[in-house]
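Letter by letter, the chains look like this.
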Amino acid sequence: MTTLSIGRGPGRAGIYARAFWGLMLRDARVLAREFIPFLLRTIMNPLLFTFVFTYVFPKIGAGITPGGATGVSFATVIAPGLVAVAIFFQGIAAVALPLATELGGTREIEDRVMAPLPVGMVALEKVVWSSFQSIIAAAAVLPMVLLVSAEPVSVSVASWPMLIATVLLAALVAGYLGLVIGTVVKPKQIGLIFSLVVVPVTFLGCTYYPWAQLGSIRWLQIFTLINPLVYVSEGLRTALTPAIPHMPVGAVIVALVIQVAGFGALGTWLFMRRVID
Amino acid sequence: MWQHTTVTAEAQPLSLDLRDVVKRYAPDAPNAVDGIDLRVARGEIFGLLGPNGAGKTTTIGIATTRVRPTAGTVIVTGIDVRAHPSVAKRHIGVVTQFNTLDRACTVEENLYFHGRFFGMSRHIAHARAADLLASFGIGDRGRTMVADLSGGLARRTQLACALMHHPEVLFLDEPTTGLDPQSRMALWDSVRTLREAEGMAVVLTTHYIEEADALCDRVAVMNNGKILVCDTPEHIKRDSGDGVLVTLRLRDANPGLAEQLRGLAGVGAVDVDHATIRVHVTGTDGIVPHVVALAGADLRDLAVAEPSLETAFIALTGRALVP
C-alpha cells in the first residue's frame with residue numbers, strides 16, 4: 001500500500017513529523033556526499049590559527065601573553081573563542097549558502113515547499129539541521145585546539161548545563177541568521193556578504209580576548225555588545241575556562257534567547273515572503 | 001468524454017473549484033487574476049490557454065498554495081486551500097514551468113525523498129521511484145545528477161517526481177515549452193495514460209493552441225487575468241462562428257488597410273503585426289475576394305485557415321496567440 005491516509009484532524013502532527021523527517025533525511029544524504037569538504041571547511045581556519053598563534057609563535061619566541069592577572073595561556077583564551085566561531089559560521093553557512101541558490105535562479109526549494117507541512121517548518125528544518133552541523137563543528141574544533149597548541153591549554157567543563165545551553169542557543173542563532181542572510185542576499189553577492197560579515201564579526205566577537213578585558217577600551221567594549229558572537233564566546237568561556245573573567249551567566253543566556261526569538265521571527269517571515277507570493 | 005466524467009463528479013468533490021478568485025501583486029498593480037471561476041471534474045484534462053502574462057501561472061500558483069489570492073474561494077478535492085494549505089498539498093502534484101529539481105541529488109533521490117516527504121517508508125519510496133522511472137523510460141538514469149539531464153529528461157523526471165505520492169490533481173505549468181516535438185508527443189501520451197490509469201484530474205497551462213486542442217477535454221481561454229470562454233475545444237471552435245482566418249502578408253505595413261478591413265461587413269477581429277494582417281471573417285459568403293481586392297497590389301501572400309482554436313482565440317481576444 002502506498003496510498004496515504006487523508007484524515008484531516010487527527011494524524012496531522014504525525015504527517016508533519018514524517019515530512020520533517022524526510023527533509024532531514026534529504027539533508028543528511030547531501031551532507032554525507034560532501035562530508036570531507038565540510039570537515040575541511042570547518043577545521044582549516046581554526047587549525048591554521050591555532051598552529052600559528054599557539055605553536056609557531058611560542059616556538060619562535062613571539063608568544064602572546066594575555067593581559068590581566070589570570071596567568072593563563074593565550075591558547076586557553078582562544079580555545080572557547082575558536083569553538084564559538086566554528087559553531088557560528090558553520091551554522092550560518094549551512095543555511096545561507098544552499099538557501100541563496102535554492103531560492104535564486106533554480107527555485108529548487110519548490111519540491112520541499114510543496115511537501116505536506118507548513119512552509120514555516122521547512123525553514124525550521126533548515127535551522128535544526130544546521131544546528132546539528134554546528135555541533136559537529138564544535139566537537140571537531142575543540143580537541144584540535146588541544147592537540148595542536150604547544151602551550152598548556154586549561155580547558156575543562158566547569159558547567160555542563162551552561163555548555164549545552166550555550167552551544168544549542170548559539171547553533172540556533174547562527175542557523176536563523178543564516179536564514180535571514182540566505183533569503184535576503186542574492187547568490188552572486190553571498191561571497192561578498194560573507195567577507196563583510198564574517199571578518200568583522202569574528203575579529204570583534206571576543207574570540208581572541210575576553211570581553212571583560214576590553215574595559216580599557218570602553219567604547220569598543222560597549223560597541224561589541226551588538227555582536228551576537230560575543231555572547232557565544234563568553235558563554236563558552238563561562239562553561240570551559242571559568243578562570244578567565246567572563247560575562248554573567250544570566251546576561252549571556254538572556255541575550256542569546258532574545259537573538260533566537262528575533263532572528264527566528266525575522267528569518268521565518270522573510271522565508272515565507274520568498275516562497276509564497 | 002468530459003461529460004461522462006462530470007457525471008461521476010456529482011458524487012465526489014470537484015478536483016478544482018475556483019470562485020471569484022482575484023490576485024493583485026501590489027496595491028496599485030492591475031489584477032493579475034481578475035475574478036475567475038473555474039471548475040474541473042475528476043478525470044478531466046483541463047487546459048488554461050492564453051498568451052504570456054494572461055494569468056495562467058498565477059492561477060496555478062493559487063490552486064497549489066504557492067500564491068496567496070487577494071480574494072475568492074479556492075477548493076481542491078474538497079479542501080479549502082486558503083484555510084488548510086498543508087492538507088491540500090497532500091492531494092496535489094505540481095510540475096513547474098522551469099526545472100526546479102533538487103540539483104544536490106540524483107534523479108532517483110529526487111523521487112525517493114519526495115516520497116519520504118509524503119510519509120512513505122524507505123522500502124515503498126524506493127519501489128515506487130523505480131516503477132515510475134521505468135514507466136517514463138528513464139530507469140537507467142537513476143544515478144544521474146539532475147544537473148546533467150537534458151531538458152526532455154528533466155521534464156520527465158519532474159513529472160515522475162510529482163506523481164510519487166499519488167496526487168488526485170496534477171498541475172502542469174507549460175509542460176512542453178522548450179521541448180522538442182518527440183518529447184512533446186511523449187509527454188502528451190504520458191498525460192493521457194495517467195488520466196486513464198489513475199483517474200486523476202490534470203490541469204495544464206499552455207500557449208500552444210495545438211496542445212490545448214489535442215490534449216484537453218476542456219479549455220479556458222485566458223487573457224488579461226480573465227477567462228473569456230470555457231468549453232470543449234470543439235464547442236469553442238464552433239461558437240466562435242463558422243468563420244475563417246484570413247492571413248494577409250503585405251509588402252509593407254499598411255495601417256490604413258486594417259482600418260478599411262474593419263469597416264467591411266462580416267469582418268470580426270483584425271490583428272495587425274507589422275506587414276502581416278490576420279482577419280477573422282465571420283460567415284458571409286464571398287467576403288474573401290473583397291478582402292483581397294482591398295489589399296490590392298500590396299498583397300504578397302494569402303492564407304485562409306478553417307476554424308480552429310487559433311481562429312477562435314483571435315475572435316475572442318482580437319489578437320493572435322504568438323508565443
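Residues numbered from 1 in each chain as written. Chains lettered and ligands numbered in written order. Predicted model: local features only at pLDDT ≥ 70, side-chain atom pairs only at ≥ 80, totals over all residues. Heavy atoms only, no water.

Peer 1: Sorry, what's going on with the overall build of chain B here?
Peer 2: Along its length, chain B carries 12 helices and 14 strands. For chain B, the spread of C-alpha atoms along the three principal axes comes to 70 × 45 × 40 Å. The buried share of chain B, taken over its 323 residues, is 54%. Considering only intrachain contacts with a sequence separation of at least 6, the fraction spanning at least 24 residues in chain B is 69%. Across chain B, 32 positive and 38 negative side-chain charges occur, with their mean positions spaced 6 Å apart. (Helix = DSSP H or I, 4+ residues; strand = E, 2+ residues; numbered from the N terminus. Buried < 20%, exposed > 50% of the residue type's maximum accessible area, 1.4 Å probe, protein only. Contact = heavy atoms within 4.5 Å. Lys, Arg positive; Asp, Glu negative; His and termini not counted. Charge placed at Lys NZ, Arg CZ, Asp CG, Glu CD.)

Peer 1: Before we go on, may I ask you to explain the packing of aromatic side chains in this structure?
Peer 2: To describe a pair of aromatic rings, one takes the distance between the centres and the angle between the planes. Residue and element names in this part refer to chain A. This model, assessed by the stated rule, comprises 10 aromatic pairs over all chains. The interplanar angle of 40 degrees and the centroid separation of 5.6 Å between the aromatic rings of Phe35 and Phe38 together place this pair among those described as tilted. Here Phe38 and Phe35 lie together in helix 2 (residues 35-59), a separation of three residues that amounts to about one turn. With relative accessibility at 30%, the residue Phe35 sits in the partly exposed group. (Phe/Tyr/Trp six-rings, centres within 6.5 Å; stacked < 30°, edge-to-face > 60°.)

Peer 1: How should the environment of Thr54 of chain A be read in this particular structure?
Peer 2: Residue and element names in this part refer to chain A. With respect to the helices and strands, Thr54 occurs in helix 2. Overall, Thr54 belongs to the buried group, its relative accessible area being 0%. Placed 13 residues apart in sequence, Thr54 and Arg41 show a C-alpha to C-alpha distance of 20 Å. Here Thr54 is in contact with Phe49, Phe74, Ala75, Ile78, Ser149, Ala150 and Glu151, once residues within four sequence places are set aside.

Peer 1: Any chance you could explain the packing of helix 10 (residues 255-262) of chain B against helix 11 (residues 287-295) of chain B here in plain terms?
Peer 2: In helix packing, the relevant descriptors are the interaxial angle and the interaxial distance, both defined with respect to the helix axes. Residues and elements named next belong to chain B. For the pair helix 10 and helix 11, interaxial distance at closest approach is 10 Å and the crossing angle is 155 degrees. With respect to helix 11, the element helix 10 is oriented roughly antiparallel. In this structure, helix 10 meets helix 11 at a crossing whose hand is right-handed. Contact residues: Leu257, Gln260 and Leu261 in helix 10; Val291, Leu294 and Ala295 in helix 11. The class makeup of the residues in the contact of helix 10 with helix 11 is five nonpolar, one polar and no charged. (Axes fitted to C-alpha atoms, helices over the stretch in contact; angles between N-to-C directions. Parallel < 35°, antiparallel > 145°, perpendicular 65-115°, else oblique. Left-handed = near helix turned anticlockwise from the far one by under 90°. Nonpolar A, V, L, I, M, F, W, Y, C, P; charged D, E, K, R; others polar.)

Peer 1: Explain the domain arrangement of chain B here, please?
Peer 2: For chain B, the domain assignment lists domain 1 (2-101 + 149-237) and domain 2 (242-306). The straight-line distance from the C-alpha centre of domain 1 of chain B to that of domain 2 of chain B is 35 Å. (Domains from an automatic or database assignment.)

Peer 1: When you look at the side chain of Ser86 of chain B in this model, what are you seeing that I'm missing?
Peer 2: Structurally, the position occupied by Ser86 of chain B is in helix 3 (residues 85-88). In contact with Ser86 of chain B, other than residues within four places in its own chain, are Tyr16, Pro116, Leu117 and Pro118 of chain A.

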